[in-house]
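Tertiary structure, described
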Amino acid sequence: YRLSASRQRVELLEMLFPNGMDQLPQLAKPGDQVSAMNALAQGYKFIGRPGRAAALYDRAVRSSLEVEGSDGSFLNNQASALLVLAKLWESELRARRGLLTNLLGGNRHSEAASLVRLAHVLVTRGLASEPDLALHRALAIFTRRGAGAAVGYVRCSMSLKALWWENFTEALEAADEAWTLS
């Protein structure tokens with residue numbers, strides 16, 4: 001935390017909101033406004049203020065509905081912040097909405113990223129089979145797209161899930177493959 005630039009990033013991004021955080025940032029294009037809110041929310045999450053991040057993600061999600069071509073990444077980011085706050089049902093709802101948005105938008109890469117986010121939420125809720133389905137589907141999408149780093153991330157997520165369920169052999173195999181891909 002102390003060595004990261006997140007605090008400075010937050011301070012700089014907050015300058016885009018001269019009329020207060022409850023107003024839109026002073027940028028001309030709606031897409032840029034939404035991106036600024038998303039970036040600031042990420043900054044809040046990184047400096048340990050997930051509650052503030054979740055609230056700002058909510059504003060970004062509402063604003064993104066007006067921006068043509070928006071994907072479900074804002075919903076996935078909000079799901080991540082809510083997961084840190086242990087708001088599991090709300091987190092799952094946002095993750096599922098993000099997945100649906102990406103499915104309807106036809107963005108396969110974002111769909112796979114949404115599946116991984118949803119799997120993280122479901123594993124945290126203590127579910128076993130649904131996260132497997134989501135992770136295997138994401139793995140198939142990323143593999144077909146030749147996204148090696150993303151495949152490694154999915155395999156890492158599979159390893160963590162296996163650890164939670166005390167399946168140490170599966171966890172080691174997934175971790176080894178993730179390490180190989182990194």
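Throughout what follows, the structure given in this document is the object of discussion. What you see is a predicted model, and the numbers here were worked out from it, not measured in a lab. (Residues numbered from 1 in each chain as written. Predicted model: local features only at pLDDT ≥ 70, side-chain atom pairs only at ≥ 80, totals over all residues. Heavy atoms only, no water.)

**Considering the overall build of the protein**
Keep this limit in mind: Here a helix means four or more residues in a row that DSSP labels H or I, a strand means two or more in a row labelled E, and each is numbered from the N terminus. The size measure is the radius of gyration over C-alpha atoms, and the globule rule it meets is 2.2 Å times the number of residues to the 0.38 power. Summary of the burial criterion: residues with accessible area below 20% of their type's maximum are buried, those above 50% are exposed, and those between are partly exposed, where the area comes from a 1.4 Å probe applied to protein chains only. Computed by Shrake-Rupley with a 1.4 Å probe, the accessible areas treat only the displayed protein chains as cover when residues are assessed.
On a plain count of helices and strands, the protein comes out with nine helices and zero strands. Counted from the first residue to the last, the protein has its helices and strands arranged as α-α-α-α-α-α-α-α-α. Over its C-alpha atoms the protein spans a radius of gyration of 17 Å, differing by no more than 12% from the 16 Å that the globule rule assigns to 182 residues. Dimensions of the protein, computed from C-alpha atoms along their principal axes, come out at roughly 55 × 40 × 30 Å. Sorting the 182 residues of the protein into buried and exposed places 42% on the buried side. For the protein, the accessible area works out to roughly 10,100 Å², and carbon and sulfur atoms hold 56% of it.

**As for helix α8 (residues 148-164)**
The line we're drawing: Residue count minus one, scaled by 1.5 Å, sets the expected span of a helix. Working rule for contacts: check all heavy atoms of both residues, and any pair within 4.5 Å makes them a contact.
Between its first and last C-alpha atoms α8 spans 25 Å; for 17 residues at 1.5 Å apiece the expected length is 24 Å, and the two agree. Listing the buried residues of α8 in full gives Ala-150, Val-151, Gly-152, Val-154, Arg-155, Ser-157, Met-158, Ser-159, Lys-161 and Ala-162. Those residues of α8 that are buried are in contact with α6 (108-124), α7 (129-144) and α9 (168-181). In the stretch just after α8, Glu-166 is the one whose phi turns positive, near 60°.

**Focus on unusual backbone geometry**
Apart from glycine, the bulk of residues carry a negative phi angle, and the bulk of peptide bonds sit in the trans form. Non-glycine residue Ala-86 carries a positive phi angle of around 65°. For Ala-86, a relative accessible area of 57% gives the class exposed. Notably, Glu-166 is not glycine yet its phi reads approximately 60°, a positive angle. By the secondary structure assignment, Glu-166 is in the loop between α8 and α9.

**A short note on the environment of Ser-159**
Quick reminder of the rule: For the purposes of these results, a polar contact is taken to be a pair of N or O atoms within 3.5 Å, where, inside protein, one atom must be able to donate a hydrogen and its partner to accept one; residues adjacent in sequence count only when each atom of the pair is a side-chain atom.
As for its placement among the helices and strands, Ser-159 is situated in helix α8. For the pair formed by Ser-159 and Ser-73, sequence separation is 86 residues and the distance between their alpha carbons is 24 Å. Here Ser-159 is in contact with Ala-171, Ala-174 and Ala-175, once residues within four sequence places are set aside. Here Ala-171 takes part through its backbone oxygen, which lies 2.9 Å from a polar atom of the side chain of Ser-159.

On their own, these measurements won't tell you what the molecule is for.
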